[in-house]
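Structural overview for review
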There are 2 protein chains.
Amino acid sequence: MATPKLLVDVHTHVYLPRYASVLRSRTVAPRILTRSSGPEGKSEERLLILENEPSGGRPVGAQYWDRDEKLRFMDKHGIDISVVSSANPWLDFLSASKAHTLANELNNDLEQYCSTSPIISETRLRRLYGFGLLPLVPEVAISSLLDTVQQISRLSHLKGIIMGTQGIGKGLDDDALDPVWEAIEKAGLVVFLHPHYGVDGKAWGEKDNGHVLPLALGFPFETTVATTRLILSGVFDRFPSLRILLAHSGGALPQLSSRLASCIDHDPVVASRLKHDARYYLGTSLWFDAVAYGSEELGFKGADRKIGSKRMMFGTDHPFFPPLSSSEKWASVVENLDAIDGVQGWTQHGRDSVRGGNALTLFNLHN
Amino acid sequence: MATPKLLVDVHTHVYLPRYASVLRSRTVAPRILTRSSGPEGKSEERLLILENEPSGGRPVGAQYWDRDEKLRFMDKHGIDISVVSSANPWLDFLSASKAHTLANELNNDLEQYCSTSPIISETRLRRLYGFGLLPLVPEVAISSLLDTVQQISRLSHLKGIIMGTQGIGKGLDDDALDPVWEAIEKAGLVVFLHPHYGVDGKAWGEKDNGHVLPLALGFPFETTVATTRLILSGVFDRFPSLRILLAHSGGALPQLSSRLASCIDHDPVVASRLKHDARYYLGTSLWFDAVAYGSEELGFKGADRKIGSKRMMFGTDHPFFPPLSSSEKWASVVENLDAIDGVQGWTQHGRDSVRGGNALTLFNLHN
């Protein structure tokens, strides 16, 4: 039987209960703290991802950890499958040994979370799959990273690995990570590259603009820099089957990729280093979620990069950006679906691919 | 007689001789220094824009200051008109009084440079027009800035003002600049917003990637942040006739503008501050050079932002990015013209508008 047309969310997060407990036990960010608010002193939990976050962080609740809430959100918006990932800052704040232990535990937790989720009728697919975690922290032994890649590859509902941009302290272009890329490539796991640190906040100036500048610009800049550094380091030449999904539609990389190619051509330090024009890798090694909130941002197409509808995938960023009232649909979902519908020049088949078909292929999800 | 179809370069720089002399007199960056190179110890001048610049800066020569070289470059590439601007870092390194004096002198120099340039046959247009300079440095009196706006508005071949992103020390979203925006708006001058500082270099990591990361990413990020801060500060609500041309096709702003709108909607600090959706200003207050080196980057169009071919203008970034041999055409010119030709969905009229028609309109250049 042909697989029905499914809506698949590739960018959706969970703070697994074990992880939330770790955050609750901490006294500095990242942490979950309880504070009283309102005239009756009603207490609420708040997540502080970065120290000195504007507005004292954000309120958190069951949507962040409870699987039933995830499934309810999916049902409400017609999402058939979610490929769930831990949210930033992952294990970045832990020592190497604690990070290794917790990564293994959380990977097992996430496998359980996914493997016991409902089966979609008329298919053999479940509602939930996941991205595992590596203990990517300074001073971790490469063998610990390789062990964890092997662990994830054995957990049959985990289809990839989410990671930030810091690597083991020197970024993802660190040569020391080559054995890790090799193992990930060999295991056929998809890397989901996601920002956390943004860029230096001095650029944001003195005015109070809330979270807008770090979220709207800092996050995409971080992803853009990390991916560019990966390109320049030759990782995609050495590991041509490595597949990387970029959060937030690749940040600014699509818009700046021809400028990047031009700057490389003009720079004697790097001009002859790569096997291909920098734009080539966008159409071979990189995939893009469609979390861009607008049709025009998704509309890249054409000969050079072949991103178009072939390399983009629906995402929601749930449970972030909730609506103001619980009865509303989530604006982020509605906007991102509208954006897919609105791209000029995409066929219906292309739209269906972005809504789900591309994800089924990328994550090797068979009926 | 109808104006012939002209090719107009809106992004092309000069270090006027008076400015080059100032740079030669300095012992720290920005400076022009003479160094011996090669086996015969042949001396060459090099421009060091930032301290600790990779490769010890770049070689500079007549193309940076000699008007005949500018005209030769234009002839070689079929460019009819150039709207010339001083290059970064402008006057940023000077005291307020020196910056004020030098701005006035350089504005007069540039008027002379343009007003004595050849007339294009069959038109009343000259080959060269210019962007003036303001003494935008810390502690400058606002009255000095207003005086200089008036000076520029009286110099009939200066059609706008180039500026960096620092304002008078606190960025362009500084409320203290409101009288300056008001004066610029009233004078009908076009602001050319151009980056210089990039973003914090720690993001670039430890690998030697030459100039690539600061140039390909840092520059556009800086422009994107500055423009976003302008939007958030309400400058375009208060001065709706202000016209700002963004260098390098607006950096990452077009690609991130729907994400920006979404982040604003979700942030109580700014949600109700602006009169319009953030994307609105891209189609009303902002113009974009077509210095993006690729068709796909230029191809934004559609209902939300109306950038399309109506708000983009050919540019070259001359004299930066020279070819390796003097007989070659400049890759930056060829690539940027090819990009305009290659945009899917632009009409021939649209392409002609980007090549020159939009600039004639924006700068009010009449036959």
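Note that the structure is a prediction, hence the values are computed from the model and not measured.

1. Let's talk about the relation of the copies chain B and chain A
With an axial shift of 0.0 Å and an RMSD of 0.0 Å, the rotation relating chain B to chain A amounts to 180 degrees. Such values leave the two copies arranged in the relation of a two-fold axis. In terms of C-alpha distance to the rotation axis, chain B has B:A252 as its closest residue, with the C-alpha 2.7 Å off the axis. Taken together, the interface assignments show that 100% of the residues at the interface of chain B recur at the interface of chain A, consistent with an identical surface on both copies.

2. Let's talk about the packing of helix 1 (residues 17-24) of chain B against helix 3 (residues 96-115) of chain B
Residues and elements named next belong to chain B. Closest axis-to-axis distance for the helix 1/helix 3 pair is 9 Å, and the angle between their directions is 140 degrees. Here helix 1 lies oblique to helix 3, going by the angle between them. In this structure, helix 1 contributes R18, Y19 and V22 to the contact, and helix 3 contributes L102, E105, L106 and D109. Each residue belonging to the contact of helix 1 with helix 3 can be placed in one class, and the counts come to 4 nonpolar, no polar and 3 charged.

3. Description of the nonpolar core
The biggest cluster of nonpolar side chains holds 252 residues, and the ones touching the most others in it are A:W181, A:I184, A:F363, B:W181, B:I184 and B:F363. Ignoring sequence-local partners within four residues, the contact set of B:W181 consists of B:M163, B:L172, B:V191, B:L230, B:V235, B:F239, B:L242 and B:I244.

4. Some words on the sheet that holds strand 11 (residues 312-313) of chain A
Residues and elements named next belong to chain A. The sheet built from 8 strands is open, its strands ordered 1-5-6-7-8-9-10-11 with parallel pairing. Each edge of the open sheet is held by one strand with a lone partner, namely strand 1 (8-14) and strand 11. Contacts between helix 7 (residues 212-233) and the sheet are confined to strand 8 (190-193), strand 9 (243-246) and strand 10 (286-289), with strand 9 contributing the most and set at about 160 degrees to the helix.

5. Digging into the sheet that holds strand 10 (residues 286-289) of chain B
Neighbouring strands of a sheet are bound in pairs by backbone hydrogen bonds; such pairs are parallel or else antiparallel. Residues and elements named next belong to chain B. Read from one edge to the other, the open sheet built from 8 strands follows the order 1-5-6-7-8-9-10-11, with strand pairing classed as parallel. Here the strands that pair on one side only, and so sit at the sheet edges, are strand 1 (8-14) and strand 11 (312-313). Here helix 2 (residues 67-77) sits on the sheet in contact with strand 1, strand 5 (81-86) and strand 6 (128-133), set at roughly 125 degrees to strand 6.

6. Examining the environment of A:N104
Residues and elements named next belong to chain A. As for its placement among the helices and strands, N104 is situated in helix 4 (residues 96-115). Exposure remark for N104: the relative accessible area of 22% places this residue in the partly exposed category. Taking C-alpha positions, N104 is 8.5 Å from I152, a pair spaced 48 residues apart along the chain. Filtering out sequence-adjacent residues up to four positions away, N104 remains in contact with T148 and Q151.

So, how was this worked out
Residues numbered from 1 in each chain as written. Chains lettered and ligands numbered in written order. Predicted model: local features only at pLDDT ≥ 70, side-chain atom pairs only at ≥ 80, totals over all residues. Heavy atoms only, no water. Least-squares fit on C-alpha atoms with pLDDT ≥ 70 in both. Contact = heavy atoms within 4.5 Å. Axes fitted to C-alpha atoms, helices over the stretch in contact; angles between N-to-C directions. Helix = DSSP H or I, 4+ residues; strand = E, 2+ residues; numbered from the N terminus. Parallel < 35°, antiparallel > 145°, perpendicular 65-115°, else oblique. Nonpolar A, V, L, I, M, F, W, Y, C, P; charged D, E, K, R; others polar. Core = buried A, V, L, I, M, F, W, Y, C linked by side-chain atoms within 4.5 Å. Buried < 20%, exposed > 50% of the residue type's maximum accessible area, 1.4 Å probe, protein only. Pairing = 2+ DSSP bridges.

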